[in-house]
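Tertiary structure, described
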Amino acid sequence: GPVVEAPQSVDDAFWAAAAQPHRIARFQAMFAGRDAPEKGLGVLLRAWEAAGLGDGAAALVLAGGGSFAAPGGVHAIGALEPSAMRNFYAGSDVVVVPSVPTRDFLEPWGLVVNEAFDQGVPVIATTAVGAAAGGLVRHEQTGLVVEPGDAAGLAAALRRLHDDPGLRTRLGAAARDAVRAFSHDAWAAGMGRA
């Protein structure tokens with residue numbers, strides 16, 4: 001039968017609203033999710049260390065449920081209310097979605113991508129993230145895409161965005177434009193066609 005696309009969406013009016021940026025360091029990367037093996041947090045922590053960004057001028061913020069281990073330059077802030085989460089997105093230079101496939105899990109989408117894009121924040125995602133496979137995170141256009149489990153590749157992507165504010169600005173602006181096609185109205189229209 002026919003295949004109908006109904007794009008994944010979030011409340012764009014809320015996530016794109018003016019925020020009070022919460023920034024811990026001059027360069028801030030953010031992970032939003034739970035501490036589970038399939039979310040790739042272990043890979044991200046290895047990449048953060050390999051990137052050499054734990055010098056105090058950069059911070060990795062871990063937002064979400066679980067008991068995060070927090071080495072140098074890493075700030076585990078726990079679960080946040082949506083408005084506080086929006087403020088952390090607004091204060092971040094990049095959001096990282098390092099999901100890895102497991103026997104029982106493949107990241108179906110990653111709505112944190114939509115939320116970050118609504119604030120004009122680029123994303124580094126792995127090819128295992130549905131938002132990358134589905135075309136929202138496009139390498140070198142709205143973010144950077146790396147292979148799952150590749151800590152060295154993720155470290156290089158983090159370092160690249162750290163070192164190139166112009167690239168961050170360009171990717172963030174394109175991300176904000178791209179996420180408009182992933183609205184509740186587009187989702188409802190797709191469901192209606194189905």
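The model shown is predicted, which means the values in this text are computed figures rather than measured ones.

Observations regarding the overall build of the chain
Along its length, the chain carries eight helices and six strands. Mapped from its N terminus to its C terminus, the chain presents α and β elements in the order α-β-α-β-β-α-β-α-β-α-β-α-α-α. Over its C-alpha atoms the chain spans a radius of gyration of 16 Å, differing by no more than 12% from the 16 Å that the globule rule assigns to 194 residues. By its C-alpha atoms, the chain is 50 × 40 × 30 Å across when sized along the principal axes. Here the chain holds 194 residues, and 49% of them are scored as buried. Of the contacts made within the chain by residues no fewer than 6 positions apart, 70% connect residues no fewer than 24 positions apart. By element, 54% of the accessible surface of the chain is carried by carbon and sulfur atoms, the whole surface being about 8,700 Å².

Things to note about the nonpolar core
The biggest cluster of nonpolar side chains holds 29 residues, and the ones touching the most others in it are Leu 44, Trp 48, Leu 60, Ile 124, Leu 154 and Leu 158. Among the elements of the structure, β1 (27–32), α2 (41–51), β2 (58–63), β4 (94–97), β6 (143–146), α6 (151–163) and α7 (165–178) are those that each provide at least two residues to this core. Excluding its chain neighbours within four sequence positions, the residues that come into contact with Leu 154 are Val 43, Leu 44, Ala 47, Val 96, Pro 98, Ile 124 and Val 146. Counting residues in each nonpolar core, the second largest holds 28 residues, with Val 97, Val 112, Ala 116 and Val 129 among its members.

Remarks on the sheet that holds strand β5 (residues 123–126)
Here we have six strands laid out as an open sheet, ordered β3-β2-β1-β4-β5-β6, and parallel in their pairing. Every interior strand has two partners, whereas the edge strands, β3 (74–78) and β6, have only one. Strand-to-strand twist across the sheet, computed as the mean angle between neighbouring axes with direction ignored, equals 20 degrees. Judged from the four bridges that link them, β5 and β6 form a sheet pairing that is parallel.

Describing the packing of α6 against α7
Where α6 contacts α7, the axes come no closer than 5 Å and their chain directions differ by 100 degrees. If you check the angle between α6 and α7, you find them roughly perpendicular. Residues Arg 160, Leu 161, His 162 and Asp 163 of α6 form the contact with α7, whose participating residues are Pro 165, Leu 167, Arg 168 and Leu 171. Within the contact of α6 with α7, the residues separate by chemical class into four nonpolar, one polar and three charged.

Observations regarding the environment of Val 74
For Val 74, the location among the structural elements is in strand β3. Accessibility expressed as a relative area gives 7% for Val 74, which makes it buried. Considered as a pair, Val 74 and Gly 40 are 34 residues apart in the sequence and their alpha carbons are 15 Å apart.

Here's the deal with the packing of aromatic side chains
Think of a pair of aromatic rings as described by two things: how far the centres are apart, and how the planes are tilted against each other in angle. Taken as a whole and assessed by the stated rule, the structure comprises three aromatic pairs. With 5.7 Å between their ring centres and 70 degrees between their planes, Trp 15 and Tyr 89 make a pair best called edge-to-face. Linking Trp 15 in helix α1 (residues 12–15) with Tyr 89 in helix α3 (residues 82–90), this pair joins segments that are 74 residues apart in sequence. A single burial state applies to Trp 15 and to Tyr 89, both of which are buried. One aromatic cluster is present, built from ring pairs that chain together Phe 14, Trp 15 and Tyr 89. In this structure, Arg 34 packs its charged tip against the face of Phe 105, placed 6.0 Å from the ring centre. For Arg 86, the ring lying beneath its charged end belongs to Phe 14, and the centroid distance is 4.2 Å.

Considerations on the pairing of β1
A regular strand places its side chains so that they alternate between the two faces of the sheet. Here β1 lies mainly inside the structure; six of its six residues are buried. Neither face of β1 is exposed, since Phe 27, Ala 29 and Phe 31 on one face and Gln 28, Met 30 and Ala 32 on the opposite face are all buried. As judged from the six bridges shared by β1 and β2, these two strands associate in the parallel manner. Bridge pairing in β2 links Phe 27 to Ala 58. Remark: the β1/α2/β2 crossover connection has right-handed handedness. Note that β1 and β4 share two bridges and pair parallel. From the neighbouring strand, Ala 29 faces β4, where its bridge partner is Val 94.

What counts as what
Residues numbered from 1 in each chain as written. Predicted model: local features only at pLDDT ≥ 70, side-chain atom pairs only at ≥ 80, totals over all residues. Heavy atoms only, no water. Helix = DSSP H or I, 4+ residues; strand = E, 2+ residues; numbered from the N terminus. Rg over C-alpha atoms; globule rule 2.2 N^0.38 Å. Buried < 20%, exposed > 50% of the residue type's maximum accessible area, 1.4 Å probe, protein only. Contact = heavy atoms within 4.5 Å. Areas by Shrake-Rupley, 256 points an atom, 1.4 Å probe, with all protein chains shown as cover. Core = buried A, V, L, I, M, F, W, Y, C linked by side-chain atoms within 4.5 Å. Pairing = 2+ DSSP bridges. Axes fitted to C-alpha atoms, helices over the stretch in contact; angles between N-to-C directions. Parallel < 35°, antiparallel > 145°, perpendicular 65-115°, else oblique. Nonpolar A, V, L, I, M, F, W, Y, C, P; charged D, E, K, R; others polar. Phe/Tyr/Trp six-rings, centres within 6.5 Å; stacked < 30°, edge-to-face > 60°. Lys NZ or Arg CZ within 6 Å of the ring centre and 35° of its normal. Right-handed = clockwise from strand over helix to strand, strands pointing away.

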